[in-house]
Amino acid sequence: MRLPTIVTGLLVAGILTLATGTLDAPAQAAARSSESGIGIRLLEAPVAARADKRAWAYIVDHLAPGTVIHRRVEVFNTTGSPKQLSIYSAAAQIRDRKFQFADDHTANELSAWTSMDRHEVVLPPEGRAPVTVTVAVPDDAAPGERYAMIWAETAKAAPPGGGLAQINRVGIRLYLDVGRGNPPPSDFTIDSLTAQRSPDGQQAVMAQVHNTGGRALDLSGDLKLTSSSGSQHHSAGPYRVQTGTTLAPGDTGSVTATLTEQVPDGPWRARMRLESGLTKRSAEATIRFPAAGAARAVKAEMDTDPYLMVALAVGAFLAVLAAITFLLIQRKRRSRREPSNA
C-alpha cells in the first residue's frame, strides 16, 4: 500500500527573499525552504532582459519553434548536514489568478521540453552546485504561452513500520511564449479602485486590473493617498500591494493594498502604481472609506503612457515634415514648368 506523503517547505523563487550572493546581476531572487535548508536561484538572465527584475526571478522567454536555450541555476544547502536533491521539471498553470503548480512529477508540454544536465545532486553542509536547464522547443510547436516549474526536492522516507513520508521542494517558474518574430507585448489597464474596511476595521484599497497584453503578468506595486482641505495637505502611504496575483493574457483580476495605520474616511485621492517586469502603469481615483464592507467601485483614471506620448509627438513631427517636404517639391516642379518671361 502506498504511504501518504507530506509536502513541506514548498517555496517558489521570485516571491520570497532576495539572494545576497556574489553574482553579477542587477537583482537575484532565490527560493529557500526554511524547514529543509535547501534553496534554488537563477544565475543568469537573457541579455535583453537584464533590466527586468522578473527575469532574474523566473525563466521568462519568447522562442521560435525549433529553438534551444540554456539557463544556469544554482541549488544550495544552508544546513549543517548533507542533502540529496532531486532536480526535475513539472507542470504548472495559471488558474484563479494564481500561478499554480501540479502535484509530484506531473508533466505538461513545457516540462516535457525541459531537461537538466544533473538530475541528482548531493550537497555537503553549506554546499552549492550549478545545474544547467535546457529548453528545446519542437519544430512543430504551436504558438502560445506555456508554464512549468524547475524543482529541487529532498525526500525523507517514512519510518519503519509505517508512517508519513516528507518532501521538501523549492522551485523556479518558467514562462515560455512560443512564436515567430517579436514577443507579444505586455500591457494592462487599471479599471477601478474600491475602498474597503474589514470587520476588524482595517482599511484597504482594491484595484481591478485587466491584462490587455499577450504575456502573463505577476503584479506588484504600491498605493498612495493624498487629500487637500483648504491650505492643508495630507498624505498617507505608500502601502505595498499584496503580491501573488498572476493574470493570464486577457484575464481580469484584483490586487489589494492594505493600510498599515488608520486614516480618516476621506475623501482621498488614491494613486495606485502597478508593475510586472518592465511594464508599469498608474491610475488615480477619488475614494472614501466606508464604515464597513466595500464602497462602490470608482472608475480609475489611467496615466498617459509617456512612451506613447513620445511616439505620438514624433509621429506628428514626421507628418508635418513630410507635408512641408511635399509642398516644397510641388512648388519646385511648378516653377520649372512655368515659362520664363522674355
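For the structure itself, consult the block above.
Nothing here was measured: the structure is a model prediction, and the numbers come from that model.

Draft legend 1. Quick look at the overall build of the protein chain. Along its length, the protein chain carries three helices and 25 strands. Looking at the 342 residues of the protein chain, the share that counts as buried comes to 43%. Of all intrachain contacts in the protein chain linking residues separated by at least 6 positions in sequence, the fraction that spans at least 24 positions is 69%. Total accessible area on the protein chain is roughly 18,500 Å²; 54% of this is exposed by carbon and sulfur atoms.

Draft legend 2. Seen up close, the pairing of strand S12 (residues 144-156). The buried count for S12 comes to 10 of 13 residues, which makes it a mostly enclosed element. The sheet contact formed by strand S7 (residues 83-95) and S12 spans six bridges and is antiparallel. Bridge pairing in S12 links Ile 87 to Ala 152.

Draft legend 3. Representation of the packing of aromatic side chains in the model. Per the stated rule, a full pass over the model turns up five aromatic pairs. Ring geometry for Phe 101 and Trp 151: centres 5.1 Å apart, planes at 90°, overall edge-to-face. Here the residue Phe 101 occupies a position in strand S8 (residues 98-101), and Trp 151 occupies one in strand S12, the gap between them amounting to 50 residues. In this structure an aromatic cluster arises from ring pairing among Tyr 58, Phe 99, Tyr 147 and Tyr 175. Across from the ring centre of Phe 76, 5.6 Å away, lies the NZ or CZ of Arg 41, which sits over that ring.

Draft legend 4. Just the side chain of Glu 153, in detail. Within the fold, Glu 153 resides in strand S12. No salt bridge is formed by the buried Glu 153, whose closest oppositely charged neighbour, Arg 169, lies at an N-O distance of 4.5 Å. Within the structure, the side chain of Glu 153 is placed 2.6 Å from the side chain of Tyr 88, a separation counted as a polar contact. Not counting residues up to four positions away in its chain, the partners in contact with Glu 153 are Gln 84, Leu 85, Ser 86, Tyr 88, His 105, Ile 167, Asn 168 and Arg 169.

Draft legend 5. Region of the structure containing unusual backbone geometry. Here the bond from Gly 237 into Pro 238 is cis, since omega is 10°, no more than 30 degrees from zero. Geometrically, the link from Gly 266 to Pro 267 is a cis peptide bond, its omega value of 20° lying close to zero. Unusually for a residue other than glycine, Arg 97 sits at a positive phi of about 65°. With respect to the element layout, Arg 97 can be found in the loop between S7 and S8. Its identity is not glycine, yet Asp 104 carries a phi of approximately 50°, on the positive side. Inspection of the secondary structure puts Asp 104 in the loop between S8 and helix H2 (109-113). The exposure class of Asp 104 is partly exposed, given its relative accessible area of 38%.

Draft legend 6. Looking closely at the pattern of salt bridges. Summed over all chains, the structure comprises 17 salt bridges. With its nearest N and O atoms 3.0 Å apart, the salt bridge here joins Arg 128 to Glu 74. In this pair, Arg 128 is assigned in strand S11 (residues 128-136) and Glu 74 in strand S6 (residues 68-77), connecting sequence segments 54 residues apart. Several salt bridges share partner residues, and in doing so they unite Arg 269, Arg 271, Glu 284, Glu 301 and Asp 303 into one network.

Draft legend 7. Expanded view of the environment of Ser 276. Topologically, Ser 276 is positioned in strand S21 (residues 268-276). Put simply, Ser 276 and Gly 221 are 55 residues apart on the chain and 8.7 Å apart in space, counted from C-alpha to C-alpha. Once residues lying within four places of it in the same chain are set aside, the contact partners of Ser 276 are Arg 54, Phe 188, Ala 216, Leu 217, Asp 218 and Leu 219. There is a polar contact of 3.0 Å between the side chain of Ser 276 and the backbone nitrogen of Asp 218.

Draft legend 8. Here's a closer look at the environment of Arg 71. Structurally, the position occupied by Arg 71 is in strand S6. For Arg 71, a relative accessible area of 13% gives the class buried. In sequence terms Arg 71 and Pro 46 are 25 residues apart; their C-alpha atoms lie 8.8 Å from each other. Discounting chain neighbours no more than four positions away, the residues touching Arg 71 are Glu 44, Pro 46, Ile 59, Asp 61, Val 131, Thr 132 and Val 133. Within the structure, the side chain of Arg 71 is placed 2.5 Å from the side chain of Asp 61, a separation counted as a polar contact.

The rules behind the values
- Residues numbered from 1 in each chain as written.
- Predicted model: local features only at pLDDT ≥ 70, side-chain atom pairs only at ≥ 80, totals over all residues.
- Heavy atoms only, no water.
- Helix = DSSP H or I, 4+ residues; strand = E, 2+ residues; numbered from the N terminus.
- Buried < 20%, exposed > 50% of the residue type's maximum accessible area, 1.4 Å probe, protein only.
- Contact = heavy atoms within 4.5 Å.
- Areas by Shrake-Rupley, 256 points an atom, 1.4 Å probe, with all protein chains shown as cover.
- Pairing = 2+ DSSP bridges.
- Phe/Tyr/Trp six-rings, centres within 6.5 Å; stacked < 30°, edge-to-face > 60°.
- Lys NZ or Arg CZ within 6 Å of the ring centre and 35° of its normal.
- Lys, Arg positive; Asp, Glu negative; His and termini not counted.
- Salt bridge = Lys/Arg side-chain N within 4 Å of Asp/Glu carboxyl O.
- Polar contact = N/O pair within 3.5 Å; in protein donor to acceptor, adjacent residues only side chain to side chain.

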